[in-house]
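Each chain, letter by letter, is given below.
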Amino acid sequence: MKVRQISIFLENRSGRLACVLKEVGRAGVNIRALSLADTSDFGILRLIVDDVDKCLGTLRAGGHTVSLTEVLAVEVPDHPGGLAGILDVLSAANLNVEYMYAFVCRATEKAVVVFRFEDANAAIAALKKAGISILPAETVYAL
Amino acid sequence: MFNPQAEAMPVAELRRLQGQRLRELVQRAYDHVPFYRARMQEQGVQPGQIRHIEDVGKLPFTTKTDFRDQYPFGMFAVPHREIVRIHASSGTTGKPTVVGYTRNDIANWAECAARSLACGGATAEDTVQIAYGYGLFTGGLGMHYGAERLGAAALPMSAGNTEKQIMLMKDFGVTVLCCTPSYALQIAEVAAQMGVDLMHLPLKSGNFGAEPWTEAMRTHIEELLPLKALDIYGLSEVCGPGVANECLEQHGLHVFEDHFYPEIIDPRTGDPLPDGQKGELVFTCLTKEGVPLIRYRTRDITMLLAEGPCPCGRTSRKIARLMGRTDDMLIIRGINVFPSQVEDVLVRIEGVHPQYLIVVDRQGNLDTMEIKVEVTEKLFSDEVRGLEALREKIHHQIRTMLNVSAKITLVEPKTIERTLGKAKRVNDLRKLT
C-alpha cells in the first residue's frame, strides 16, 4: 500500500537538479513521478522510481543527502470535484496532509495524487472506509 | 593529591614563593640569555625592579616568533652539558620550536605530570596506558615520566595500533588512559568492532588533551568508557603536558602555579584582564632552567575562573576549558567569536561533528556572519518546514550562545572545501585596511 519515495536535499543553485537526475539516469533508474519543493536557498526533490534501492544506493554513493519516506498514491475520480471529495474525507477524519502532488497515469489516463501524511495508517483506514482506491506500491513503481 | 604541600599551599604563601622564584628567574634570564637581556633593556626594566609576583606585568612578552628567531638554541640559558633532553614542536609554518631541559626541568615536569595523573585519583597502584606519541612531541614522554614519578606502572604504547592498545588495556587491567580525546573515541569505536566490552574494564580516569575538545565530547567519551574524562593542558614551550589539569570536580583546570604563573591578557592590547574574562593565556615558567620563559603568549584563549576555593582542596587558580586560538579569533560587530563556539552549538544540535564554514563580510559598515552547514542524513527532513525549523534552531542557538546573529545556510554534503589536515572553518571577506 505504502509507496517508498526518495527525497533529496538540493541547494538552490543552477545545475543541481540536472546533476542529480543525470546520476539517476546513468544508473538506469526510471522516474515515475516527481515533485520539487523549493525555498530561496534550498529545495527538496521527491522521486518515485521503478527501482528504489538502486536509486538510493546510487545517490548515497554520489554523496547526496537522501531520505526514504512512505507516501500513499490515490486514484482520483475523473470528474469535477473528484479531488475535493477525497480531501473532504481526510478533513472529516481530522487527517493532516504534509504535502501532495499529482500526475496522470498513462495506462488508465486517470489522475493519481501522491499524499504524505503524518499518520499514514489512519489515512489508509479512512480512505478505505470511504471506498477510495489506493494504488498498490508495485503498481505505482511499474506505472 | 600528589604533593599536598605544594598543591594546597595557602595562597599568601604561594604568592610569596612565586615572587621569590620570579626574582631568580628574571636574574637568570637576564644574565644568561642575550635575547631576554636585550628585550628587558628595550622595555627599560632591570632585574632589580622585579620584587614581587605582581611585578610580572612590567616584563616584556615572549612569542612563538621569538623562538623561531632564536632557532635552534638561542633561548637556552645553560651550557650544553647541563641539557639532558631536547624536544621540538612542529610548527605548521617555518622552523620547529626547540626546548632544552636540565635534569631539574625534567624532574619538575615529571612532578607536574604526576600531579595531573593524581588529579584523576591515580596512585602507585595504577597502570597508566600512554597513547600519546613518543618522540620529539612532549605528550608521550611527559606522561611517561609522570606515571613513573607517581610510582604507577607506565605502559608506553605511543599512538596507533588501536587493536593492540585494546588487547593490552583489557589483558593488563589498565586503569588510567592518556591520549587525545579523539583517540579515546577511536579506541571505543574499534573496541566495539572487535566485540570488546570496555564498560566492564577497570578503567577509572583519563587525562585527555593536546587538542581542543568540548563538553559534548566528554559526555560521549564517558558514555563509551567507564572513566572520568579529565582535560589536561600543556605546551612544549612551557614544558609539555602537566601545566594544568582538571580535578574530579571537572570544572576548570588547576594550574600548577608554583611552577607556571598564568595571566590572561587582551590579545589586541596586551593589557591584563580580570578573572572571569576571556583572553589570551600567558605563562611565566618560574622554575625553568634550560629555557627560561617569561610571559610567553600561548595564543590559547581561555579565562581564569573567578570563584572561591575548589572543593578538591587545591589552592591554585583554575583556567576554563580552552575556547580557541587567537589565530582564529574573529571580531564580529565588536564581539569575539571563535569557530570552536560555533562548532559547539552545532555538535549540540546534531550530536556529531558537522562540516561548516563561517563566512564573514561587511555590508556598509556592518559586519555580517553567515554559517554554512552541510545537511547530513541525520539533519535532513523531507519537509520544507522541518528544514526551516532546523535553520531557525541553529540561528537561535548561535544568537543565544555567541550574542551575534548569523544567517544560516544549509548546503549539500561535500560542498564545503576540505583541505588536507586542518579543515578551513573561516572565510573572512572583510577588507579592513
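Residues numbered from 1 in each chain as written. Chains lettered and ligands numbered in written order. Predicted model: local features only at pLDDT ≥ 70, side-chain atom pairs only at ≥ 80, totals over all residues.

1. Side note on the overall build of chain B
Here is step 1: Counting its secondary structure elements, chain B contains 11 helices and 20 strands.
Here is step 2: Each of the 433 residues in chain B was classed as buried or not, and the buried ones make up 43%.
Here is step 3: Pairs at least 24 apart in sequence give 66% of the contacts found in chain B among residues at least 6 apart. (Helix = DSSP H or I, 4+ residues; strand = E, 2+ residues; numbered from the N terminus. Buried ≥ 20, exposed ≤ 12 C-beta atoms within 10 Å, placed from the backbone. Contact = placed C-beta atoms within 7 Å.)

2. Digging into the overall build of chain A
Here is step 1: Helix and strand content of chain A: five helices and six strands.
Here is step 2: Listed by position from the N terminus, the elements making up chain A come as β-α-β-β-α-β-α-β-β-α-α.
Here is step 3: The contacts in chain A between residues at least 6 apart in sequence include a share of 68% that link residues at least 24 apart.

3. As for the pairing of strand 5 (residues 97-104) of chain A
Residues and elements named next belong to chain A.
Here is step 1: Note that strand 5 and strand 6 (residues 111-117) share seven bridges and pair antiparallel. The partner of Met100 across the bridge, within strand 6, is Phe115.
Here is step 2: Taking the residues between adjacent antiparallel strands as the criterion, strand 5 and strand 6 are bridged by six residues, where Glu109 takes a positive phi near 55°. (Pairing = 2+ DSSP bridges.)

4. Some remarks on the packing of helix 10 (residues 339-350) of chain B against helix 11 (residues 384-402) of chain B
Residue and element names in this part refer to chain B.
Here is step 1: Interaxial distance between helix 10 and helix 11 falls to 10 Å at its minimum, and their mutual angle equals 135°. With respect to helix 11, the axis of helix 10 lies oblique. The interaxial crossing formed by helix 10 with helix 11 has right-handed handedness. From helix 10, Gln341, Val342, Val345 and Ile349 reach across to helix 11, where they touch Lys393, Ile394, Gln397, Ile398, Met401 and Leu402.
Here is step 2: Looking at the contact of helix 10 with helix 11 residue by residue, the classes come out as seven nonpolar, two polar and one charged. (Axes fitted to C-alpha atoms, helices over the stretch in contact; angles between N-to-C directions. Parallel < 35°, antiparallel > 145°, perpendicular 65-115°, else oblique. Left-handed = near helix turned anticlockwise from the far one by under 90°. Nonpolar A, V, L, I, M, F, W, Y, C, P; charged D, E, K, R; others polar.)

5. Section: the confidence of the model for chain B
Here is step 1: Chain-level pLDDT for chain B is 92 on average; 96% of the residues reach the 70-or-more range.
Here is step 2: Across the assembled chains, the prediction reports ipTM 0.86 with pTM 0.68. (pLDDT = per-residue confidence, 0-100.)

6. With respect to the interface of chain B and chain A
Here is step 1: The interface of chain B with chain A comprises 14 residues on the first partner and 17 residues on the second.
Here is step 2: Listed by contribution, the elements that provide at least two residues to the side of chain B that touches chain A are helix 11 and strand 19 (407-411) of chain B.
Here is step 3: By residue number, the principal contributor to the side of chain B that touches chain A is strand 19 of chain B, which donates three residues.
Here is step 4: Class assignment for the residues of the side of chain B that touches chain A results in seven nonpolar, two polar and five charged.

7. Some points on the nonpolar core
Here is step 1: Counting 88 residues, the largest nonpolar core has Leu117, Val128, Ile130 and Val243 of chain B as the members making the most contacts within it.
Here is step 2: It is helix 5 (residues 103-119) of chain B that provides the largest number of residues to this core, a total of eight residues.
Here is step 3: Apart from the residues lying within four places of it in its own chain, the contact partners of Leu117 of chain B are Ala122, Val128, Gly146, Ala147, Leu150, Ala152, Val176 and Asn207 of chain B.
Here is step 4: Membership of the second largest hydrophobic core comes to 58 residues, among which are Val3 and Leu59 of chain A together with Val337 and Ile398 of chain B. (Core = buried A, V, L, I, M, F, W, Y, C linked by C-beta atoms within 7 Å.)

8. A closer look at the environment of Ala147 of chain B
All names here are of chain B.
Here is step 1: Structurally, Ala147 is set in helix 6 (residues 138-150).
Here is step 2: For Ala147 and Thr127, which are 20 residues apart along the polypeptide, the C-alpha to C-alpha distance reads 8.4 Å.
Here is step 3: For Ala147, the contacting residues outside a window of four places in its chain are Leu117, Val128, Ile130, Ala152 and Ala154.

9. Remarks on the sheet that holds strand 20 (residues 426-428) of chain B
Residues and elements named next belong to chain B.
Here is step 1: If you walk across this open sheet you meet the four strands as 19-18-17-20, and the pairing is mixed. The strands lining the two open edges of the sheet, one partner per strand, are strand 19 and strand 20. Averaged over all pairs of adjacent strands, the angle between their axes in this sheet comes to 20°, without regard to strand direction.
Here is step 2: Relative to strand 18 (residues 366-374), strand 17 (residues 356-363) runs antiparallel, the two sharing eight bridges. Looking at the pairing, Tyr356 lines up with Val373 of strand 18.
Here is step 3: Each of strand 17, strand 18 and strand 20 is contacted by helix 10, which is oriented at about 125° to strand 17, the strand it contacts most.
Here is step 4: Each of strand 18 and strand 19 is contacted by helix 11, which is oriented at about 140° to strand 19, the strand it contacts most.

10. Description of the sheet that holds strand 4 (residues 66-76) of chain A
Pairing between the strands of a sheet comes from backbone hydrogen bonds, and it takes one of two forms, parallel or antiparallel.
Residues and elements named next belong to chain A.
Here is step 1: The antiparallel open sheet is built from six strands, whose spatial order is 2-3-1-4-6-5. Of all strands in the sheet, those with a lone pairing partner are strand 2 (31-38) and strand 5, marking the two edges. Averaged over all adjacent pairs, the angle separating strand axes in this sheet is 30°, with direction ignored.
Here is step 2: Against the sheet, helix 2 (residues 52-61) makes contact with strand 1 (3-11), strand 3 (42-49) and strand 4, and its axis sits at roughly 20° relative to strand 1, the strand it touches most.

11. Focus on unusual backbone geometry
Residue and element names in this part refer to chain B.
Here is step 1: Following Tyr71, the chain continues to Pro72 via a peptide bond in cis, the omega torsion being -10°.
Here is step 2: With respect to the helices and strands, the residue Pro72 is situated in the loop between helix 4 (64-69) and strand 1 (83-89).
Here is step 3: For Asn403, which is not a glycine, the phi torsion comes out positive at approximately 70°.
Here is step 4: Relative to the assigned elements, Asn403 resides in the loop between helix 11 and strand 19.
Here is step 5: Non-glycine residue Lys414 carries a positive phi angle of around 65°.
Here is step 6: In this structure Lys414 comes out as partly exposed when scored by C-beta crowding, with 13 C-beta atoms within 10 Å.

12. Let's talk about the pairing of strand 11 (residues 279-285) of chain B
Residue and element names in this part refer to chain B.
Here is step 1: Burial analysis of strand 11 places seven of its seven residues in the buried class, the great majority of the element.
Here is step 2: Here strand 10 (residues 260-265) pairs with strand 11 via six bridges, running antiparallel. Among the inter-strand pairings, Phe260 is bridged to a residue of strand 11, identified as Cys285.
Here is step 3: Across five bridges, strand 11 lies against strand 12 (residues 293-302) in antiparallel orientation. From the neighbouring strand, Cys285 faces strand 12, where its bridge partner is Leu293.

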